[in-house]
Amino acid sequence: MIPEEYRLTALFIITSTMLTLLIWGRYRYDIIALGALVVAVLTGVVPGEQAFEGFGHPATIIIALVLVASHGLTNSGAINLIVPFLIRSIRGTSSHIGIMGGIGAALSTVMNNVGALALLMPVDLQTADKAQRSPAPTLMPLSFATILGGLVTLIGTPPNIVVSSIREQHTGQPFQMFDFAPVGLGCAIAGITFVALIGWRLLPKTTREREAGKELFELGTYLIELTVNAKSKTVGKRLCDLNEACDTHNVTIIALLRDGLTMPIFARWLKIQSGDTLLIETTAEKLRDFVQALELDKLDDSRTARKNSDLTFAEVVVPTDATIENRTVAIVQLYDRFETWLIGLSRQGSRVAKRVRHMKIKAGDVLLIMGPSNRIKEASDWMGTLPLAERNLQISYGKKPVLAVNLFAATIIIASLGLVHLPVALAGLSVLYVLLNIIPLRQVYESVDWPVVVLIGSLIPIGTAMQSTGGAHFLAQGILHIAQIFNLQPWMMLLFIMIITMLLSNILNNTATAFVAAPVAISVSEKLGVNADPFLMGVAISASCAFVLPIGHQNNMLIMGAGGYKFGDYWRIGLPLQIVILSISAPLVIIVWPFF
């Protein structure tokens, strides 16, 4: 415990250290937030009896239950009903982005935006394949559209729920389900229109046309390790003798590995021996033919693989905080668990000259896995990856899609009318989904993004302390001092806070950004003697608009490998898009939520 007079200083030290660690990104955000909460309790900044109130807070519960409801809509097959109408290659790029972006945004108003993108990304990739063009011009706009759709409703994105809960603490009344719609809808329409007509054209030509008409569904090349068995046709041959086979099957031999050592690739006179490993670079489509032609094996337990005739390939993308993120291919040991092999890795469409088994898997990587068709999905689910490309895309309809949609719509209506509190309504919906077998009971907990729950539950007591210790008041005084120096009017202050929040959202988790900015926005409004709602609404909009960096939002990371994007590609569309959103949202906020 520290003396009362030093608690504000301690709070700023804890908060600034937490923000620094979040920006650094070395450790997961939920661990950082939970650690900050523990330190805050130990120093007396947060009373011990209030330490875990955040985990029972309505905002935390709503976010968890929205994820369950989102999973139910996906499981029911309701979303897949629209897929057959989307896979059309005859549309131009702009019209395709407009249609896909509109549907993605609409889905994001009622479900998790990461889930909405995961559902539509394979469709977008297949459409690009049929049109014989690169998916790069359309994937990033689709990602941004699903983020923008979350601005429209209370449950569309976590920052809206956070800001609503902070408003309830301040005024006793939270924002209602569709209070965000007038401003959020305007931003979504303007943003999607921009990315459809102009935004995608701002990507570098090399990105937009990268392997156009050829790479597409192959999603770049993979590094794959193949074992030379005693019966292989390569035994006794030199590396240079394989040139014809490599040219025929579009394969590049990167290295020859023997007894754990990498042989120099220029020593092409070396004779291949049984037990050697070939590190090759190829695509999913070419791999099987090359392996069969030379009678090679996939590294590890290849004898079983050769006996199994029901082997298939699948491509999956690694989202942020997947089970296998930052783990090496060797440690994953997929075969021991699922009789499935992780045989290839593609990263931003570029070659990585390292042994595949010793590479750390990163968010945005695209993985090529091989195994029995009935075990592929189990392996993908365990890894926490999302399906990206299937060789023969089948549109499968789940259980009771119409019933699932009607139950969800009824839940939203009764909550919007104030008949039932939103957390209770969503909890009831989750129970019904389980009872009707729309969601198996074991999937209820699997569908919740627990790191986000821990983040929110940890930050709520710290946010409360920011108010009770006068921290928000202190920061507001600093902002008002700047306003006095430059003679800023309330609308200028709103724009100033929105810009700061938007900048923070590009380097922090958007939920953390909302928790930091909202109390300060309330204090600024009190000092100015104006309504706090426009400032809170401005924070909600800005906290969700993380378009400049891939680390700003999970969706941005999700598309990085599939689209072959570089780190610097995002700002080319994202920065102009943020300017568009600011120019649209600020006037709308002032009109819909006036200062006086």
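All values reported here derive from a predicted model rather than from experimental measurement.

Q: Quick rundown of the environment of L11? Include the residues and the values.
A: Within the element layout of this structure, L11 appears in helix α1 (residues 7–24). It is 6.4 Å that separates the C-alpha atoms of L11 and V45, two residues lying 34 residues apart in sequence. Every residue in contact with L11, bar those within four places of it in the chain, is listed here: V45, I462, A465, M466 and T469.

Q: Would you mind going over the nonpolar core in detail, with residue names and values included?
A: Of all hydrophobic cores here, the largest spans 140 residues; its most connected members are Y433, V524, F535, Y565 and I581. Core analysis: the second largest hydrophobic core is formed by 25 residues, L242, C246, I272 and I280 among them.

Q: Explain helix α5 (residues 113–131) residue by residue, including any values.
A: The end-to-end C-alpha separation of α5 is 26 Å, in line with the 27 Å expected for 19 residues at 1.5 Å each. At L120, α5 shows its largest bend, some 30°, and a proline, P122, comes one to four positions later. Burial analysis of α5 places 15 of its 19 residues in the buried class, which makes it a mostly covered element. At the exit of α5 stands Q132, carrying a positive phi of roughly 55°.

Q: Break down the side chain of T93 for me, citing the residues and quoting the values.
A: Here T93 lies in helix α4 (residues 93–108). For T93, the contacting residues outside a window of four places in its chain are R133, P137, T138 and W200.

Q: With reference to specific residues and values, describe the pattern of salt bridges.
A: Under the definition given, this model contains six salt bridges. A salt bridge links E378 to R375, with the nearest nitrogen and oxygen atoms 3.2 Å apart. Note that E378 and R375 are positioned in helix α15 (residues 373–383) at a spacing of three residues, about one turn of the helix. Given a relative accessible area of 19%, R375 falls into the buried group. For K377, the salt bridge goes to D381, with nearest N and O atoms at 2.8 Å. Here K377 pairs with D381, and both are found in helix α15, just four residues apart, close to one helical turn. The class of K377 is exposed, set by a relative accessible area of 57%. D381 sits in the partly exposed class, given a relative accessible area of 47%.

Q: Residue-level account of the packing of aromatic side chains, with values.
A: Tallied over the full model, the rule gives eight aromatic pairs. Grouping aromatic residues by their ring pairs yields a cluster made of F175, F180 and W593. The lysine or arginine in question, R167, covers the ring of F175, its NZ or CZ lying 4.4 Å from the ring centre.

Q: Explain the confidence of the model for the protein to me, and be specific about the residues and the numbers.
A: Per-residue confidence for the protein gives a mean pLDDT of 82; residues scoring 70 or more make up 88%. Helix α8 (residues 181–197) holds the highest mean pLDDT among the elements of the protein, 96, whereas helix α12 (residues 302–307) holds the lowest, 38. Taken as a whole, residues 212–219 scores under 50 in pLDDT and shows 32 contacts with residues more than four places along the chain or in a different chain. The model gives residues 299–309 a pLDDT under 50, and that stretch makes 19 contacts with residues more than four places away or in other chains.

Q: Can you break down the packing of α4 against helix α6 (residues 136–149) residue by residue, with the values?
A: Direction vectors running N to C along α4 and α6 enclose 30°, while the axes themselves pass 7 Å from each other. The angle between α4 and α6 places the two elements in the roughly parallel class. Along this stretch, α4 crosses α6, giving a crossing that reads as right-handed. Residues T93, H96, I97, M100, G101, G104, A105 and S108 of α4 form the contact with α6, whose participating residues are P137, T138, P141, L142, A145, T146 and G149. Tallied by class, the residues present in the contact of α4 with α6 amount to seven nonpolar, eight polar and no charged.

Q: Which residues make up the pairing of strand β2 (residues 252–258), and what are the values?
A: With six of seven residues buried, β2 lies mostly within the body of the structure. With five bridges connecting them, β2 and strand β4 (residues 277–282) associate as antiparallel partners. Bridging from a neighbouring strand, I253 pairs with I280 of β4.

Q: Explain unusual backbone geometry to me, using residue names and the numbers behind them.
A: If you check the backbone angles, N326 has positive phi at about 65° while not being a glycine. You can see N326 is positioned in the loop between β6 (311–317) and α13 (329–332). For N437, which is not glycine, the phi torsion reads 60° and is therefore positive. Relative to the elements of secondary structure, N437 occurs in the loop between α17 (422–435) and α18 (441–446). The exposure class of N437 is partly exposed, given its relative accessible area of 37%.

Criteria and thresholds
Residues numbered from 1 in each chain as written. Predicted model: local features only at pLDDT ≥ 70, side-chain atom pairs only at ≥ 80, totals over all residues. Heavy atoms only, no water. Helix = DSSP H or I, 4+ residues; strand = E, 2+ residues; numbered from the N terminus. Contact = heavy atoms within 4.5 Å. Core = buried A, V, L, I, M, F, W, Y, C linked by side-chain atoms within 4.5 Å. Buried < 20%, exposed > 50% of the residue type's maximum accessible area, 1.4 Å probe, protein only. Expected span 1.5 Å × (residues − 1). Bend = angle between axes of the 7 residues up to and from the residue. Salt bridge = Lys/Arg side-chain N within 4 Å of Asp/Glu carboxyl O. Phe/Tyr/Trp six-rings, centres within 6.5 Å; stacked < 30°, edge-to-face > 60°. Lys NZ or Arg CZ within 6 Å of the ring centre and 35° of its normal. pLDDT = per-residue confidence, 0-100. Axes fitted to C-alpha atoms, helices over the stretch in contact; angles between N-to-C directions. Parallel < 35°, antiparallel > 145°, perpendicular 65-115°, else oblique. Left-handed = near helix turned anticlockwise from the far one by under 90°. Nonpolar A, V, L, I, M, F, W, Y, C, P; charged D, E, K, R; others polar. Pairing = 2+ DSSP bridges.

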